[in-house]
Amino acid sequence: MAGRGACTTGFAVCIFLVTCSATSRVMSLDSESFSKLSNNIESWINGLHAMTSHAQVLKRDLSMEAGVSIEPVYPQDLVKKMALNIKDLLNSKRHALLRIVEHLEDATTTYLWSDYLRLNTSHPLLMKDLDPNNSSHEMTLDDRLGVPVRYNISGIHVPLEVYEGWLWPNIREHREQDPEILNGLHWSATVDRVFQENFEGDSTLAWQYFGAQTGFMRVYPATTWYVPPNLIDLYDARLRPWYVQGSVSPKDMIILMDRSGSVHGQTFTIMKWAVKTLIDTLGENDFVNVAAFNSTTEWVNNCSYCEVNNTTDNLECTQPLVQASTTNKKLLFQAIDKLEDGGMASYTNALTFAYDAFKQFEGTRKEGEGANCHKTIMLFSDGGTEWPEEVFKKFHADNYTKSVRVFTYAVGPHPIPTAVLKQMACSTGGKYSVITTRSSVRTKIQDYLQVLARPQALPLAESMVTFDQERVTEELTVSLTRPVYNMSDYTNTSALLGVAGIDVPIQTLKNLSPFETLGPNGYAFIINHNGFLVLHPKLRKQLSYLLGPPHIDLLDVEEDILKTNIIRDTMIKGSIENIQVLGKISVDEAHRVLYDGIQFSFSPIPNTSYSLGLVNLKRSDHLVIRNQDNSLMIPPNISTTVIAPWPYCRGQQASSHTDHLTRLIRDIQNKKRTCRDDLVQGLLWSHSWTEPLLDEWTADRSSSGVIGRVVFTRYGLARFHPASQKPGVSMWSDPWYNPALRRGELNRKVSVIPHSIGAFLSAPIIVEKNDAEVMAAVVGVNLTASFLYNGFVEQLRNSEWWDEKEYLVLLVDDGGLIVTSNRETLHGITLQGMFIGDLDVPILKHLKDSRLYDMEVELDKQAICTELKLNGTSAGPRSYHIPSPFTLAASFLLEVFSWAEYLKYLLYSGLLALITPSVEAWSEWGMTQIGGMESCRMERATYYFGETGAKSGIMKCTNFTAKFWAERLQDTNAMLIAIEMSVNSQECGVHSNLPNIQPKRVTILEACGYQDRYRKQPTSCLMSNSTADIGCNGCPQQLQGSFVLVLISVAVCSNYMNLNFAT
């Protein structure tokens, strides 16, 4: 009995222990158990990659390979060498440009003007008519330019306003016979010989061109003129940055807009378009602001100088002129759109405001602010009779403001007295123009450039370097330009004939980079004296070449922290330095990695206003390959090979296309082209090194969950299997834009990159020699979501505490994306590739609050969005003023002095409106939408690992609480999260309420958010201080005569009577 009882008791104890054990298995999850699970998951990830990628095949002993070495990187030497190479490249283009200019100016000395030329005798080849599919046009695909061209002649482009009649053939025929255009085409045609000699003598030379002051443009070699889809051709060379900056020195400009009640309706709408068009002619070296006036005057963006610059000085606190950058222009455009009309106009008040603003700006501007050259006031009005004589007397006597030119624009389709507007321009050396219709805006707004360009007609003019988007291939480019003058008149007042230029594609500058040496996280960049980018991996093409330069600052793409500000300012000053930064590395658009050794090395580029910078990781080495056999470069399966778009051989741009790759291999083997030995040797070695791995993949038919495999080498060679993976691999062909290679250099273990159908696992291949090591490649495998899910769940089931019904377990990456989970869905939503901030649980908030994740919101100024439909312009409330008969009579008689000329402008503008196409307002001032898309700004939140490694806590939901655990996997970019949430639990009902990682459009710009950063002023200013009568056709310098006094007396008496009547 005793024994039996003992057994019974023992059995009960056993049952109790088992029950307790089962209960413990479900309920005893703690930080220690979770940490153990994290280690197991990390081991599983590493093993999964090793098993499916076969990366061990690449393990190689380099000690016996004499042609392979690992050497340190010396960035200071690299940046100096590249800067000198860029200098030599630009100098060769300057010499070619000088030959073009000298030939054109020499041609002016021997050319005889003819009034009898006809279009068929000038033989222009119109680029709009060229068709590469028409065999009679004899066009050949040029490898250098990437488009079909004709080498024997230059092509001609003429703006619509100058050339094309759109309604009547007789008008079109008449306009084509314009002697200015025909003579220009005739005398400049001989420059084709110089174009051809330059092109044949320099294999890196791209487009050459000459833009004439009369409007036409020569481009060599001739090609088809590209017009964006669904748009008319709005290109006018005379309004482009390369032309304006090449012919006119920098300007300080104040624009005055008449906002009185008389401009209500169509006139005010035309005026707004005209002012925007004017602002769009300004470049990054110009400074501008806009004020609106009636009886009072104020800036359209009424921000004080102190608020903009965060100072405490409230004395004489006025708004400065702002740099005419793209960002600042948009702010002005936004303010102009909001203007409303009303009241009476006072020219005296407006001009006094503008002159005072110039003086105040001079006394308050910081170093680098202002153009410090031309000073102009641009006055837009529908007309008036007030002559501000005392204002001009006062400020013409001031040494600082006496050189200010006033340009006036009479705006509107109806006749209002404009003699005073013309007098203002004539008495200050400006010019008077009339804009009666919307279609005449683009033609008339550029009149001021002809006046300001004249003083630059000096015997020697320095070539200008501007940044723009090329008009044929739409590639980013640097334009070297130089003005061309009529040298038949041997005086310093020679007329400007146009601007000649040569394009240097940004890719040509990038091709001089030490690609492999810098490593995947390295890159080259160039900024100008304004801090704007010319070259950078994050600098993107704009929507269209019709838009102006993007003006992207270095701090718009790099972290805006103290050290990067110091780097930017030091580069602008022309220093040579090396600075290390603790900052975040952008692996891709949505992922950042904190790194404490980012190295910036920089040097000025001689003979330019540019500064070159190189970025790489500190203490980094690189792989040097020598003495490789060219015959090894015979890939048996070229369909599974992609090469980076690097300049392996001159004139041969590598790409993912099979025919390009085949030609490159043939050139390497036959030595048909001059090739970069460092890149080619590395390419050959990479091919032979990776060949066994490709064979292993081809033979492996057992991995059911593998989508594809790939190896990316640091020399730009990518091998993959199967061939269907080529589109995805091609997107990562450039190591500078390859997130797998960038992660491989930062993290020596496996990295995960989740997506909607699975995840990409990659790991670096480290090679060693003589106690030095370097990452030579990254091997990646793309796995399906189901394969990852099954393996992940299997690992969880091996845990002591596991109960799949009680916990939600997530594996997420360092950007908050779900790699895999123990549940495929949560409340009906698929979890694979999802952002954890979108879950119906506030887990992301807890992770961010505990610094497991950090977050920042980045602004993308180069985004392209779906077009927004803007509301129509509202003229706003009006103030009605009914003048007396005396005032009407005086105004009418005063206008008699200028009515004939105004009628001439009215008829001309009306005719121009008929024969030119009607375009929307956005087309008039350059902010172009194309195909339903437009340039815009986007905000995007990015999440990255913070300083905390593990955290547990309690998460509050609407009707319950839940425990959670989170821990980073130390040797990967992943984090494991477990939440106490059963399968049948209700929805939490609480969200993290943090910004999503999806980009969000910024529709409202901060009114006073002007871009205000350090810059260096251009060193040259070619101008004349004379404000003599220029282009005013002999208008009087002052209103004289007793009859004028009678008119003034009548007006004064009229106003006096009105006042008495009012009282």
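Residues numbered from 1 in each chain as written. Predicted model: local features only at pLDDT ≥ 70, side-chain atom pairs only at ≥ 80, totals over all residues. Heavy atoms only, no water.

Participant: Describe the pairing of strand S27 (residues 758-769), with residues and values.
Facilitator: Looking along a regular strand, one sees side chains alternate from face to face of the sheet. With 10 of its 12 residues buried, S27 lies for the most part within the structure. Where S27 and strand S28 (residues 772-784) come together, 12 bridges link them in antiparallel fashion. Its bridge partner lying in S28, Gly 758 is registered against Thr 784. Linkage of S27 to S28, two consecutive antiparallel strands, is achieved through a turn of 2 residues, within which Asn 770 is found at a positive phi near 55°. (Buried < 20%, exposed > 50% of the residue type's maximum accessible area, 1.4 Å probe, protein only. Helix = DSSP H or I, 4+ residues; strand = E, 2+ residues; numbered from the N terminus. Pairing = 2+ DSSP bridges.)

Participant: Any chance you could break down the pattern of salt bridges for me, citing the residues and the numbers?
Facilitator: Applying the stated rule across the entire model yields 38 salt bridges. Close ionic contact of Arg 193 with Glu 197 constitutes a salt bridge, the shortest N to O distance being 3.7 Å. Within this pair, Arg 193 and its partner Glu 197 are both found in helix H7 (residues 192-201), separated by 4 residues, close to a single helical turn. The closest approach of N and O atoms between Asp 734 and Lys 510, which form a salt bridge, is 3.2 Å. Of this pair, Asp 734 sits in the loop between helix H23 (726-731) and helix H24 (739-746) while Lys 510 sits in helix H17 (residues 506-510), placing them 224 residues apart in sequence. Overall, the relative accessible area of 7% leaves Asp 734 in the buried class. On the basis of relative accessibility, which here comes to 10%, the residue Lys 510 falls in the buried class. (Salt bridge = Lys/Arg side-chain N within 4 Å of Asp/Glu carboxyl O.)

Participant: Tell me about the state of the cysteines, residues and numbers included.
Facilitator: Enumeration over the complete set of coordinates arrives at 2 disulfides. Put simply, Cys 865 and Cys 936 are joined by a disulfide, and their sulfur atoms are 1.7 Å apart. Here the disulfide of Cys 865 and Cys 936 is right-handed, its torsion about the S-S bond being about 65°. One end of the pair, Cys 865, is in strand S33 (residues 853-866); the other, Cys 936, is in strand S34 (residues 933-945), and 71 residues separate them in sequence. Neither residue differs from the other here; Cys 865 and Cys 936 are each classed as buried. The side chain of Cys 957 participates in a disulfide bridge whose partner is Cys 988; the two sulfur atoms lie 2.1 Å from each other. Taking the sign of the S-S torsion, about -100° here, the bridge from Cys 957 to Cys 988 comes out left-handed. Of this pair, Cys 957 sits in the loop between strand S35 (950-956) and strand S36 (961-968) while Cys 988 sits in the loop between strand S37 (974-980) and strand S38 (1000-1001), and the two are 31 residues apart along the sequence. For Cys 988, a relative accessible area of 1% gives the class buried. (Disulfide = S-S within 2.5 Å.)

Participant: Describe the pairing of strand S24 (residues 706-713), naming the residues involved and giving the relevant values.
Facilitator: Counting buried residues along S24, 7 of its 8 residues qualify, which places the element largely inside the surrounding structure. By the bridge criterion, 7 bridges tie S24 to S28 in an arrangement that is antiparallel. Directly across from Val 711, in S28, lies its bridge partner Val 779. In this sheet, strand S25 (residues 717-721) lies alongside S24 in antiparallel orientation, the contact comprising 4 bridges. Residue pairing across strands places Val 710 opposite Phe 720, the latter belonging to S25. From the end of S24 to the start of S25, which pair antiparallel, there are 3 residues, and Gly 716 there has a positive phi angle of about 90°.

Participant: So what's going on with the nonpolar core? Residues and values would help.
Facilitator: Across soluble globular proteins, nonpolar side chains have a tendency to be buried as a group. The biggest cluster of nonpolar side chains holds 147 residues, and the ones touching the most others in it are Ile 255, Phe 380 and Tyr 448. At 13 residues, helix H3 (residues 75-110) tops the list of elements feeding residues into this core. Judged by nonpolar contacts, the second largest core, of 31 residues, contains Leu 808, Phe 835, Ile 843 and Met 981. (Core = buried A, V, L, I, M, F, W, Y, C linked by side-chain atoms within 4.5 Å.)

Participant: Could you give an account of the packing of H3 against H7, with specific residues and numbers?
Facilitator: At a minimum axis distance of 9 Å, the contact between H3 and H7 shows a crossing angle of 170°. When the interaxial angle is binned, H3 and H7 end up roughly antiparallel. Taken together, the residues of H7 that come into contact with H3 (itself represented by Ala 96, Arg 99, Ile 100 and His 103) are Arg 193, Val 194, Phe 195 and Asn 198. Looking at the contact of H3 with H7 residue by residue, the class counts come to 4 nonpolar, 2 polar and 2 charged. (Axes fitted to C-alpha atoms, helices over the stretch in contact; angles between N-to-C directions. Parallel < 35°, antiparallel > 145°, perpendicular 65-115°, else oblique. Contact = heavy atoms within 4.5 Å. Nonpolar A, V, L, I, M, F, W, Y, C, P; charged D, E, K, R; others polar.)

Participant: Tell me about the sheet that holds strand S26 (residues 751-755), and name the residues and values.
Facilitator: The antiparallel open sheet is built from 6 strands, whose spatial order is S23-S25-S24-S28-S27-S26. The open sheet terminates on both sides in strands that have one partner only, identified here as strand S23 (641-643) and S26. Adjacent strand axes in the sheet meet at a mean angle of 20° when their direction is disregarded. Sheet topology places S26 next to S27; 5 bridges connect them, and they run antiparallel. Bridge pairing links Ser 751 to Ser 762 in S27. Across the sheet, helix H22 (residues 677-699) lies against S23, S24, S25, S27 and S28, angled at about 10° from S25, the strand it touches most. Packing against the sheet, helix H25 (residues 785-797) makes contact with S27 and S28, and its axis sits at approximately 100° to S28.

Participant: Quick one: what's the story with the environment of Leu 130, residue by residue and with numbers?
Facilitator: When you line up the elements, Leu 130 lands in the loop between helix H4 (119-122) and strand S2 (140-141). When its relative accessible area of 5% is taken as the criterion, Leu 130 is described as buried. Along the chain, Leu 130 and Arg 150 lie 20 residues apart, while their C-alpha atoms are 9.7 Å from each other. Residues in contact with Leu 130, not counting those within four places in the same chain, are Leu 125, His 137, Met 139, Arg 150, Ala 222, Thr 223 and Thr 224.

Participant: Explain the confidence of the model for the protein to me, using residue names and the numbers behind them.
Facilitator: Detailed reading of predicted coordinates is not advised where the pLDDT is low. Overall, the predicted model of the protein reaches an average pLDDT of 81, with 80% of residues at or above 70. Per-residue pLDDT stays below 50 along residues 305-317; that stretch engages in 19 contacts with residues further than four places along the chain or on separate chains. (pLDDT = per-residue confidence, 0-100.)

Participant: Describe the packing of helix H2 (residues 31-53) against H25, naming the residues involved and giving the relevant values.
Facilitator: Two quantities define a packed helix pair, namely the angle between the helix axes and the distance between the axes. Where H2 contacts H25, the axes come no closer than 10 Å and their chain directions differ by 140°. With respect to each other, H2 and H25 are oriented oblique. At the point where H2 passes H25, the crossing takes the right-handed sense. Taken together, the residues of H25 that come into contact with H2 (itself represented by Leu 37, Asn 40, Ile 41, Trp 44, Leu 48 and Met 51) are Phe 787, Leu 788, Gly 791, Phe 792, Gln 795 and Leu 796. Taken together, the residues of the contact of H2 with H25 break down into 9 nonpolar, 3 polar and no charged. (Left-handed = near helix turned anticlockwise from the far one by under 90°.)

Participant: If you had to explain H7 to someone new, which residues and values would you point to?
Facilitator: Regarding H7, the residues found buried are Asp 192, Val 194, Phe 195, Asn 198 and Phe 199. Along H7, the residues classed as buried sweep out an arc of 160° about the axis, all on the same side. In H7, the exposed positions angled more than 90 degrees off the buried face are occupied by Glu 200 and Gly 201. Lining the buried residues of H7 we find H3, strand S5 (208-212) and strand S6 (217-220). (Arc of directions from axis to C-beta.)

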